[in-house]
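Notes for the structure review
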Amino acid sequence: MASNSTKSFLADAGYGEQELDANSALMELDKGLRSGKLGEQCEAVVRFPRLFQKYPFPILINSAFLKLADVFRVGMLGSLASIIPERKNAHHSIRQSLDSHDNVEVEAAVFAAANFSAQSKDFAVGICNKISEMIQGLATPVDLKLKLIPILQHMHHDAILASSARQLLQQLVTAYPSTKMVIVSLHTFTLLAASSLVDTPKQIQLLLQYLKNDPRKAVKRLAIQDLKLLANKTPHTWSRENIQALCECALQTPYDSLKLGMLSVLATLSGTIAVKHYFSIASGNVASSPRSSDLVKLAQECCYHNNRGIAAHGVRVLTNITVSCQEKDLLALEQDAVFGLESLLVLCSQDDSPGAQATLKIALNCMVKLAKGRPHLSQSVVETLLTQLHSAQDTARILMCHCLAAIAMQLPVLGDGMLGDLVELYKVIGRSATDKQQELLVSLATVIFVASQKALSAEVKAVIKQQLESVSNGWTVYRIARQASRMGNHDMARELYQSLLTQVASEHFYFWLNSLKEFSHAEQCLTGLQEENYSSALSCIAESLKFYHKGIASLTAASTPLNPLSFQCEFVKLRIDLLQAFSQLICTCNSLKTSPPPAIATTIAMTLGNDLQRCGRISNQMKLSMEEFRSLASRYGDLYQASFDADSATLRNVELQQQSCLLISHAIEALILDPESASFQEYGSTGAAHADSEYERRMMSVYNHVLEEVESLNRKYTPVSYMHTACLCNAIISLLKVPLSFQRYFFQKLQSTSIKLALSPSPRNPAEPIAVQNNQQLALKVEGVVQHGSKPGLFRRIQSVCLNVSSTLQSKSGQDYKIPIDNMTNEMEQRVEPHNDYFSTQFLLNFAILGTHNITVESSVKDANGIVWKTGPRTTIFVKSLEDPYSQQIRLQQQQAQQPLQQQQQRNAYTRF
């Protein structure tokens, strides 16, 4: 019987074949929690997450947590602090439990007090004195005091509270000199200062004092750890004296572990504003020379230390000083930094251990920073990397390839120089099919794509394909093809995608790969474009469109309900429409030759008062083209706003496509439609010095060149001349000659964010309308849950959710009445901030007009930077507005009263007749 009851409990709870609603499932789980058998209780507990995933709404979750809290007592109450931070009965329960004689209950109360103090200012203010009394009380055990002290870190809600907590901690550090008490008090001290931003400089001085004077290693390690925390959070509060004191401690300590920690703090500070404070002019003194400072002396001593970590941080300090300080006499420091990096590279590239690889990452990051900040050192850095690449271990080679790719992206001029060495290395690199070898093949191929800048030579393609055929697997080939598409090497990408078509088992994967192959082929068709050859340009665009249409058909077939590929489909559709718009504009420009204006065009222009009409039909066609490009720019903007989860490079790519459309529309307006009022200030030359990729750099170069050409022709010739049409056609060809880059978000989604909405009241059947009387307002409650993937907030986080509610009249019923315009429509918007990924709000809607209304609720989000993203979703319900009984009764009475009068009037009319 017991086993039967257990089975029925699980089935009724929604985990068998039978699915119940939320309340029934919760009741059944509650039965399991109240069971006398421990096994059934545990099973009920582990079933709760499934219930939360299926019904992620606060009413149910709060009820479930209260039931769980009844099982786990006060410990569960502490976990609820973020949900019920201001619940007074919870505050009272915690205060009472702190006085309990049960040790387990007291520990749970301490845990709950810490969580509630972090969330609630009222609770923190009320509990502060209680915690102080318990800490200072002689009857409180030391172990309990050590657990109570960390609660004081949350007393940062106002300055008075923080000051009182700081005074107490100062007393504790002095009164209780034991190691455990000093460590806990100092760390709480630091966390309080970091959160309240009050007395942070004093805390830095206190930690430095303990670091210098306290002989205990544990206390010194804690001081270093807390100094590192403050260096990361508030580097601007560090004075020159603080950094000098830390340098002196590092120079004097005989222990490598402590020196490593102090150097880590200094390395963090050297990359911030603090290093400029350190070398700035002191009061009444001349600015300190970098070469003569203790910081540089320490870094130079540590560069060649036998401890890899110490050497890495020493080189990091030197690199940051070299890049940050712009004095002219830094040649010695530059050489020290380069030599230190070279020695670390040689040392760590031969070692596969995790510690060596972590040190190598630090050194390679410094190389990228040094090459960017001091370009004249980049050549020697690249040569060192290429030389060491041949003898390094595979793990180190992968990291070094990433470094070379980053340097080549920043300084493309170095690409040609490294290409030969990279190809030679690629010939001999792959001798096995291990994971490291596969990763190395991808990394090295990426560097080759970056270094080649333009189309790959036949020799390079042959080398890559030969290696891939011998040792690579399908996933490696796909990753290399993906990188080729990203770098604009579409001919190579097409061949690789083609080779993978027969190696996948799913038809969705087949259609996905086939679509990528067709897109690469389409972009490859555009590589044959040449300026001044407009007929060839039209044929190239037509050929490209043919493959794009094949690709979009395959891409649609590759989509599934779980993976609709919405961004990819919209991006490709926009590319197709853009190519068609380019083709149409070239045809319009050619029409000036094939269909010149008629002889009476001048007369027509004078009659209409529009001078542009003397150009004939081309003027209207140019106007249509300009509107088409502006429409495309608007659509690219919508795609940008809908891509909340995209990485910055993908968003920049979409932005560049939008700018291309705006550029052409501006060129049409400035050259032909309205040359007199055209302004070039808002389209001023934006240098490509800060471009993050070769694609962006080349696109910005084209933009600047086209703007210069348009500005030079503006008002120089009367529109429309062959000079104007040639300028437009050449601008199109210049834009298309830059190979399109398919960025990461086209292939891979690293961040996933979605919003799930629930409306109440909601009908049982979605097609069934909700009945509302026309003299009442409908209170529409909108609840929502923000759902995340495995990496929430990787690129951006949701700051607030914007809910827009609108209603439209679908069909009228009854007579037409004169209704105020305000009562005919509903258009409302509210912004709410999610709390633990949950939000809710209400709208009052008026349906004065009888009939069926369609209510649409659409959500968008605002990130921390204030940018609005149209993420959706869009939810619709129907409302049927009914006449209220009282009005209906009055109307019927009026109709009945009017009927005898109408009949009498009819009889009088008949009598007169």
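Residues numbered from 1 in each chain as written. Predicted model: local features only at pLDDT ≥ 70, side-chain atom pairs only at ≥ 80, totals over all residues. Heavy atoms only, no water.

The name an unreviewed UniProt entry assigns to the protein is Integrator complex subunit 7, from the organism Ovis aries.

Observations regarding the overall build of the protein
Applicable threshold: Each helix is a run of H or I in the DSSP string that is no shorter than four residues. Each strand is a run of E no shorter than two, and both are numbered from the N terminus. Exposure classes here rest on a 1.4 Å probe applied to the protein chains alone. A residue is buried below 20% of its type maximum, exposed above 50%, and partly exposed in between. Should any heavy atoms of two residues lie within 4.5 Å, those residues are considered in contact.
Along its length, the protein carries 37 helices and nine strands. Among the 913 residues that make up the protein, the fraction classed as buried is 50%. Residue pairs at least 24 apart in sequence account for 72% of intrachain contacts in the protein once pairs closer than 6 positions are excluded.

Some details on the packing of aromatic side chains
Between two aromatic rings, the relevant description is the distance of the centres plus the angle of the planes. Test applied: Stacked, edge-to-face and tilted labels apply to pairs of Phe, Tyr and Trp rings (six-membered ring for Trp) whose centres lie within 6.5 Å, assigned for plane angles under 30 degrees, over 60, and everything in between, in that order.
Taken as a whole and judged by the stated rule, the model has 18 aromatic pairs. Each ring, one from Phe-567 and one from Tyr-745, has its centre 4.8 Å from the other, and the planes form 65 degrees; the classification is edge-to-face. Taken together, the positions of Phe-567 in helix H30 (residues 566-594) and Tyr-745 in helix H36 (residues 744-747) put the pair 178 residues apart, joining distant regions of the chain. Among the residues examined, Tyr-745 registers a relative accessible area of 11% and is labelled buried. Between Phe-644 and Trp-869, the ring centres sit 5.8 Å apart and the planes meet at 80 degrees, which makes this aromatic pair edge-to-face. Here Phe-644 is found in the loop between helix H32 (617-642) and helix H33 (648-673), whereas its partner Trp-869 is found in strand S8 (residues 868-869), with 225 residues between them in sequence. Each of the two residues, Phe-644 as well as Trp-869, counts as buried.

Comments concerning the pattern of salt bridges
Stated formally: Only one rule defines a salt bridge in this text: a Lys or Arg side-chain nitrogen within 4 Å of an Asp or Glu carboxyl oxygen.
Considering all chains together, one arrives at 28 salt bridges under this definition. Between Asp-214 and Arg-216 there is a salt bridge whose closest N-O contact spans 2.9 Å. Note on Arg-216: relative accessible area 25%, which makes it partly exposed. Its salt-bridge partner being Glu-543, residue Lys-546 comes within 3.2 Å of it at the nearest N-O pair. On the criterion of helical spacing, the pair formed by Lys-546 and Glu-543 is a turn pair, its members being three residues apart in helix H29 (residues 534-558). On the accessibility criterion, Glu-543 (33% relative accessible area) is partly exposed. One connected set of salt bridges, linked through shared partners, spans Lys-461, Lys-465, Asp-491 and Glu-495.

What about the packing of helix H18 (residues 308-324) against helix H19 (residues 331-348)?
Here is the rule: Between N-to-C directions, angles span 0 to 180 degrees; the directions come from axes that are lines fitted to C-alpha atoms, helices contributing only their stretch in contact. Crossings are sorted by hand: turned counterclockwise from the far helix by less than a right angle, the near helix makes the crossing left-handed, and turned clockwise it makes it right-handed. The nonpolar class holds Ala, Val, Leu, Ile, Met, Phe, Trp, Tyr, Cys and Pro. Asp, Glu, Lys and Arg form the charged class, and all remaining residues, Gly among them, are polar.
At a minimum axis distance of 9 Å, the contact between H18 and H19 shows a crossing angle of 145 degrees. Crossing handedness for the pair H18 and H19: left-handed. On H19, the residues touching Arg-308, Ala-311, Ala-312, Val-315, Leu-318, Thr-319, Ile-321 and Thr-322 of H18 are Leu-333, Glu-334, Asp-336, Ala-337, Gly-340, Leu-341, Leu-344, Leu-347 and Cys-348. By residue class, the composition of the contact of H18 with H19 is 11 nonpolar, three polar and three charged.

Describing the packing of helix H13 (residues 217-233) against helix H15 (residues 256-270)
Definition in use: With respect to orientation, any angle under 35 degrees is reported as roughly parallel, any angle over 145 as roughly antiparallel, any angle of 65 to 115 as roughly perpendicular, and every other angle as oblique.
One can describe the packing of H13 onto H15 by two numbers: an axis separation of 9 Å at closest approach and a directional angle of 10 degrees. Considering the angle they form, H13 stands roughly parallel to H15. On H15, the residues touching Lys-220, Arg-221, Ile-224, Leu-227, Lys-228, Ala-231 and Asn-232 of H13 are Leu-258, Gly-261, Met-262, Ser-264, Val-265, Thr-268 and Leu-269. Within the contact of H13 with H15, the residues separate by chemical class into seven nonpolar, four polar and three charged.

Some words on the sheet that holds strand S6 (residues 838-846)
Test applied: Pairing between two strands requires that DSSP report at least two bridges joining them.
With respect to topology, three strands assemble into an open sheet ordered S1-S3-S6, the strand pairing being antiparallel. Looking along the sheet, the strands with just one partner apiece sit at the ends: strand S1 (753-760) and S6. On average, each strand axis in the sheet is inclined to that of its neighbour by 25 degrees, with strand direction left out of account. Pairing geometry for S1 and strand S3 (residues 777-788), over eight bridges, is antiparallel. Paired with Ser-760 across the strands is Lys-781, a residue of S3.

As for the pairing of strand S7 (residues 851-863)
Where burial is concerned, most of S7 is hidden: 11 out of the 13 residues are buried. Here strand S4 (residues 798-812) pairs with S7 via 13 bridges, running antiparallel. When the bridges of S7 are listed, Ser-800 appears paired with Lys-862. Relative to S8, S7 runs antiparallel, the two sharing two bridges. Within S8, the position partnered with Lys-862 by the bridge is Val-868. A loop of four residues connects S7 with S8, the two strands running antiparallel in sequence, and Gly-866 in this loop sits at a positive phi of about 85 degrees.

Considerations on the environment of Ile-618
Structurally, the position occupied by Ile-618 is in helix H32. Linking Ile-618 and Thr-588, residues 30 residues apart in sequence, is a C-alpha distance of 6.5 Å. Discounting residues that sit within four places of it in the chain, Ile-618 has contacts with Thr-588, Ser-591, Leu-592, Val-720 and Thr-725.

Some thoughts on a negative patch on the surface
Operational definition: Two joining distances apply to patches: 9 Å for like charges and 5 Å for nonpolar side chains (Val, Leu, Ile, Met, Phe, Trp, Tyr), and every residue must have over 30% relative accessible area and no salt bridge. In this description, accessible areas are obtained by the Shrake-Rupley approach with a 1.4 Å probe, and a residue is regarded as covered only by the protein chains that are shown. The sign given to each residue is positive for Lys and Arg and negative for Asp and Glu; His and the chain ends receive no count. By convention, charge coordinates are those of NZ in Lys, CZ in Arg, CG in Asp, or CD in Glu.
A cluster of acidic side chains, namely Glu-531, Glu-532, Glu-708, Glu-709 and Glu-711, defines a negative patch on the protein surface. Its location among the elements puts Glu-532 in the loop between helix H28 (507-525) and H29.

Let's talk about helix H22 (residues 394-410)
Inclusion rule: The span expected for a helix works out to 1.5 Å for each residue beyond the first.
In this model, H22 (17 residues) spans 25 Å end to end at C-alpha, consistent with the 24 Å of a helix rising 1.5 Å per residue. Across the 17 residues of H22, 14 count as buried, placing the element largely inside the fold.

Some points on the confidence of the model for the protein
In plain terms, the rule: pLDDT measures how confident the predictor is about each residue, on a scale from 0 to 100.
Counting all residues, the mean pLDDT for the protein is 85, and 88% of those residues have values of 70 or more. Mean pLDDT per element in the protein: helix H1 (residues 2-15) is the minimum at 39, and H28 is the maximum at 96. The low-confidence segment residues 1-19 (pLDDT under 50) makes 27 contacts with residues lying over four places distant or belonging to another chain. In this model residues 684-689 is a low-confidence stretch, pLDDT under 50, and it forms six contacts with partners more than four residues away in sequence or in other chains.

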